[in-house]
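The lines below spell out each chain.
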Amino acid sequence: MMIDLSDKVAIVTGGASGIGRGICLVLAEQGADLAVTDMNLAGAEAVAADVEATGRQSVAIQVDVTDRASVQAMVDRVLERFGKIDILVNDAGIIGVGEWWERERPSDADWSQVFAVNVRGVVIVSEAVSDHMIGRRSGKIVNIASIAARQGSPDLPHYSTSKAAVASWTQSNAAQLARYNINVNAICPGLLWTPMWQAIARKRSRFGATDSDVEGLSGRELFDQVIEETIPMGREQTPDDVGRLAAFLVSEDARNITGQAINVDGGRRMN
Ligand SMILES: NC(=O)c1ccc[n+]([C@@H]2O[C@H](COP(=O)([O-])OP(=O)(O)OC[C@H]3O[C@@H](n4cnc5c(N)ncnc54)[C@H](O)[C@@H]3O)[C@@H](O)[C@H]2O)c1
């Protein structure tokens, strides 16, 4: 299927790393110009350069999605540079504070900061960008949730709860914005070997979380074992896999899909 995003302008938060970087590159490949936004400016600049190497235009912007003033400044800069925003992908997310993997039970700071970024951050950015989209009676928003939204977890309860909130917010925001011709959907990625999962592996090697014997395994070996034991299709997911679904959801081919959360997880969760 050919997806045509030419002349579209997209903002991706968390674009400097992992899944966000993959989404930026797939959207650019389909023709979109990109605002690569992240707390990590140097990382965002490197991805913006990769986007430009594909022939599209790009700008890197530093943003903290938990801070309304920082988010409004980001939106203003994108509008100044490109004149409009067609697409927003809310990818920025965290799983804990500092060396969170050293704690068996998440701390108060883990709970509050994970909610601030994963839940409030998505709401703050969506509200700032949809104010512009409402005026144009057009827009596409994709929120990156997780399969953690589908099933509570013994060792990452704060993260699972935050991602379930993202799936619920996606429905609320889709209902709010449908009358303005704005689609809002979520993607629930499965297991990807990004810096986030590398930290999860550190925690699981230390405290365990499954019945499997993880003693002596490296982080990557532990990850491979989880893939083998829990993913019916037997393979890990990649940022490119998530980017491909994002590109479809923000295209006109998906104009009648809204309020949905779709798993990209090799069959791990079928709900
Ligand atoms: N890795 C996985 O297996 C997996 C699975 C399901 C869902 N996810 C979700 O996908 C998204 C990306 O995860 P990833 O694995 O690529 O993680 P990552 O840590 O590689 O990237 C996350 C990016 O978000 C940025 N960020 C963090 N806080 C921010 C803030 N306050 N403002 C702006 N940017 C901020 C970071 O600087 C980083 O570049 C997250 O929402 C994560 O919860 C990841």
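Refer to the structure above for everything that follows.
*Asks:* Describe the overall build of the protein, with residues and values.
*Replies:* Check the secondary structure of the protein and you find 8 helices and 7 strands. The C-alpha atoms of the protein give 18 Å as radius of gyration, which agrees with the globular expectation for 271 residues (18 Å, within 12%). If you line up the protein on its principal axes, its C-alpha atoms span 55 × 40 × 35 Å. The 271 residues of the protein split such that 52% are buried. Within the protein, contacts between residues at least 6 apart in sequence are counted, and of these 72% link residues at least 24 apart.

*Asks:* Please provide a residue-by-residue account of the site of the ligand, values included.
*Replies:* Around the ligand there are 28 residues in total, and Ser17, Ile19, Asp38, Tyr159 and Thr194 lie nearest to it. Within the side chain of Thr194, an N or O atom sits 2.4 Å from an oxygen atom of the ligand. Ranked by the residues each element gives to the shell around the ligand, the list is headed by helix H6 (residues 195-207), at 3 residues. Of the residues belonging to the shell around the ligand, the class tally is 17 nonpolar, 7 polar and 4 charged.

*Asks:* So what's going on with the packing of helix H4 (residues 108-136) against helix H5 (residues 157-177)? Which residues, and what values?
*Replies:* Axis separation between H4 and H5 bottoms out at 9 Å; the angle between their running directions is 15 degrees. Classified by the angle their axes make, H4 and H5 are roughly parallel. Note that H4 runs across H5; the crossing there is right-handed. Here H4 contributes Asp110, Trp111, Val114, Phe115, Asn118, Val119, Val122, Val123, Ser126, Glu127, Ser130 and Ile134 to the contact with H5, which in turn contributes Pro157, His158, Tyr159, Thr161, Ser162, Lys163, Ala165, Val166, Trp169, Asn173 and Leu177.

*Asks:* An account of helix H7 (residues 219-230) is requested, with residue identities and associated values reported.
*Replies:* For the α-helix, the turn length of 3.6 residues means that residues three or four positions removed from each other point alike. Over its 12 residues, H7 extends 16 Å from the first C-alpha to the last, a length consistent with the 16 Å expected when each residue adds 1.5 Å. The inward-facing, buried residues of H7 contact H6.

*Asks:* Now, about helix H3 (residues 68-82): what can you tell me, with residues and values included?
*Replies:* Taking 1.5 Å as the rise per residue, H3 with 15 residues should run 21 Å; its terminal C-alpha atoms sit 21 Å apart, in good agreement. Here H3 has its buried residues at Ser70, Val71, Met74, Val75, Val78 and Phe82. The buried residues of H3 occupy one face: seen down the axis, they fall within an arc of 140 degrees. Of the exposed residues in H3, those oriented more than 90 degrees away from the buried face are Ala69 and Glu80. The inward-facing, buried residues of H3 abut strand E1 (9-13), strand E2 (33-38), strand E3 (58-62) and H4. The N-terminus of H3 is capped by Asp67, whose side-chain oxygen sits 3.0 Å from the backbone nitrogen of Ala69. Just downstream of H3 lies Gly83, where phi reads positive at about 85 degrees.

*Asks:* Describe the packing of aromatic side chains, with residues and values.
*Replies:* Considering all chains together, one arrives at 4 aromatic pairs under this definition. Their ring planes at 65 degrees and their centres at 5.0 Å tell us that Trp197 and Phe223 sit as a pair that is edge-to-face. Highlighted residues: Trp197 in helix H6 and Phe223 in helix H7, separated in sequence by 26 residues. Take Trp197 and Phe223: they sit in the same class, and that class is buried. One aromatic cluster is present, built from ring pairs that chain together Trp193, Trp197 and Phe223. The lysine or arginine in question, Arg202, covers the ring of Trp101, its NZ or CZ lying 4.4 Å from the ring centre.

About the cut-offs
- Residues numbered from 1 in each chain as written.
- Predicted model: local features only at pLDDT ≥ 70, side-chain atom pairs only at ≥ 80, totals over all residues.
- Heavy atoms only, no water.
- Helix = DSSP H or I, 4+ residues; strand = E, 2+ residues; numbered from the N terminus.
- Rg over C-alpha atoms; globule rule 2.2 N^0.38 Å.
- Buried < 20%, exposed > 50% of the residue type's maximum accessible area, 1.4 Å probe, protein only.
- Contact = heavy atoms within 4.5 Å.
- Near = heavy atom within 4 Å.
- Polar contact = N/O pair within 3.5 Å; in protein donor to acceptor, adjacent residues only side chain to side chain.
- Nonpolar A, V, L, I, M, F, W, Y, C, P; charged D, E, K, R; others polar.
- Axes fitted to C-alpha atoms, helices over the stretch in contact; angles between N-to-C directions.
- Parallel < 35°, antiparallel > 145°, perpendicular 65-115°, else oblique.
- Left-handed = near helix turned anticlockwise from the far one by under 90°.
- Expected span 1.5 Å × (residues − 1).
- Arc of directions from axis to C-beta.
- Phe/Tyr/Trp six-rings, centres within 6.5 Å; stacked < 30°, edge-to-face > 60°.
- Lys NZ or Arg CZ within 6 Å of the ring centre and 35° of its normal.

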